[in-house]
Amino acid sequence: MSFGKHINVLDYTLQSLLRRKFKNAGIILVFTFVIFILGSILFLAYSFKREAVLILENSPELIVQRTTAGRHELIPTDMAGAIEKIPGVSRVEPRYWGYYYDSLVGANYTVLSAGGSISQTNRIVKGRVPGPGEKGSAAVGSGVARARFVGIDDELTMLSSSGAPMDLRVVGIFDTASELLASDLIVIGHEDFTDLFRPPPGMATDLVVSVPHESEAPVIAKKIHDRFPDTRPILRREIIRTYDAVFGWRSGLVLTVFTGALVAFIILAWDKATGLSAEEKREIGILKALGWETSDILEMKFWEGLTVSLSLASTIIPSWKAAITDPDEVVRG
């Protein structure tokens, strides 16, 4: 078959598609919608997983928590000295944090006592992080700043455990680049933290264990658990695995919601691939009567299917754009 004949078949195929433009447009619309939704969900879930991995790269190699009846409890700070003597451990630091419910906006904040345990990924747009011994100051996440309509040098009022109001001056706002981690975060000095939550003396929320060689972390975690059976050492790799499972489960749940649309897509694709309408059969009969060969008919259907499929493939571009967008921007809309 000459090259010109191929061009003629392709030209006829395009004209045939235009004659049934409403039907083909409907097929393309359904294909586009289903694949765009499925692709966007998968790409966005991968983006969240990737963002979580990047954020947790600078997190502690090992966190030690104390458990009672399977629930997280405060841990004695004097346990840090015994853990620090384990070979392979370079430093053990107590960490103080808790959850604060803001009745004004109906939101929970994560409140962290200022210290060396603040992750380096929590960058500041402007301002600074309060020092451990500083009183009356706070650095807040951008989500907290939006919810409470506060900026640098504004007052943030919180209620202490005794019910007395605490006025904190905002001295820093965390960068939106770390919003997945720090959106609901409030960092205050240790004295303010003590006034807010009244933790028992000599007790911390958990212990941060620094391990220079991460490959030794599982062995050190086992030694800690053997020495202190009521503790739960948490490896950084386990946290990353948990984030991966959570985002995978949520994306799977959303995909389940669209199962009906996926089934409809499969049925439509199967009907398009295996069935011909009466009009299409009549058209093929006319073409055979005009001298078209079977190979010409098959080539026409090949070009027709390829044209429709490539118009579906165009959804890769918006799906790719959704995948490279910062996850917190996508969530905020």
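In this text, all values refer to a predicted model and were calculated from it rather than measured experimentally.

**Brief notes about the overall build of the protein chain**
Consideration 1: A tally of regular secondary structure across the protein chain gives 13 helices and 14 strands.
Consideration 2: For the protein chain, the residues scored as buried account for 39% of the 333 residues in total.
Consideration 3: Restricting to contacts in the protein chain with at least 6 residues of sequence separation, those with at least 24 account for 76%.
Consideration 4: With an accessible surface of roughly 18400 Å², the protein chain has 62% of that area assigned to carbon and sulfur atoms.

**With respect to the nonpolar core**
Consideration 1: Counting 38 residues, the largest nonpolar core has Ile83 and Ile186 as the members making the most contacts within it.
Consideration 2: When residues no more than four places from it in sequence are discounted, the contact partners of Ile83 are Val64, Val89, Val92, Leu207, Val209, Ile224 and Phe228.

**Some thoughts on the packing of aromatic side chains**
Consideration 1: All told, the structure shown has 3 aromatic pairs when counted by the stated rule.
Consideration 2: Taking 6.2 Å as the distance between ring centres and 65° as the angle between the ring planes, the aromatic pair formed by Tyr96 and Phe193 counts as edge-to-face. In this pair, Tyr96 sits in the loop between strand S4 (91–95) and strand S5 (97–102) while Phe193 sits in helix H6 (residues 190–197), placing the two residues 97 residues apart along the sequence.
Consideration 3: By relative accessible area, which is 17% here, Tyr96 ends up buried.
Consideration 4: You can call Phe193 buried: its relative accessible area is 3%.
Consideration 5: Aromatic ring contacts, followed pair by pair, group Tyr96, Phe193 and Phe197 into a single cluster.

**A few points about the pattern of salt bridges**
Consideration 1: All chains considered together, the criterion is met by 10 salt bridges.
Consideration 2: The partner of Asp195 in a salt bridge is Lys135, and the shortest N-O contact between them spans 2.9 Å. In this pair, Asp195 sits in helix H6 while Lys135 sits in the loop between strand S7 (124–127) and strand S8 (137–140), placing the two residues 60 residues apart along the sequence.
Consideration 3: Salt-bridge contacts for Lys222 lead to Asp226; the nearest nitrogen and oxygen are separated by 3.1 Å. Here Lys222 and its partner Asp226 are both found in helix H7 (residues 217–227), 4 residues apart, which amounts to about one turn of the helix.
Consideration 4: Among the residues examined, Lys222 registers a relative accessible area of 54% and is labelled exposed.

**Points about the side chain of Thr110**
Consideration 1: Within the secondary structure layout, Thr110 lies in strand S6 (residues 107–113).
Consideration 2: For Thr110, a relative accessible area of 17% puts it in the buried group.
Consideration 3: Once residues within four sequence positions are removed from consideration, Thr110 is found in contact with Gly98, Tyr99, Asp184, Leu185 and Ile186.

Basis of the calculations
- Residues numbered from 1 in each chain as written.
- Predicted model: local features only at pLDDT ≥ 70, side-chain atom pairs only at ≥ 80, totals over all residues.
- Heavy atoms only, no water.
- Helix = DSSP H or I, 4+ residues; strand = E, 2+ residues; numbered from the N terminus.
- Buried < 20%, exposed > 50% of the residue type's maximum accessible area, 1.4 Å probe, protein only.
- Contact = heavy atoms within 4.5 Å.
- Areas by Shrake-Rupley, 256 points an atom, 1.4 Å probe, with all protein chains shown as cover.
- Core = buried A, V, L, I, M, F, W, Y, C linked by side-chain atoms within 4.5 Å.
- Phe/Tyr/Trp six-rings, centres within 6.5 Å; stacked < 30°, edge-to-face > 60°.
- Salt bridge = Lys/Arg side-chain N within 4 Å of Asp/Glu carboxyl O.

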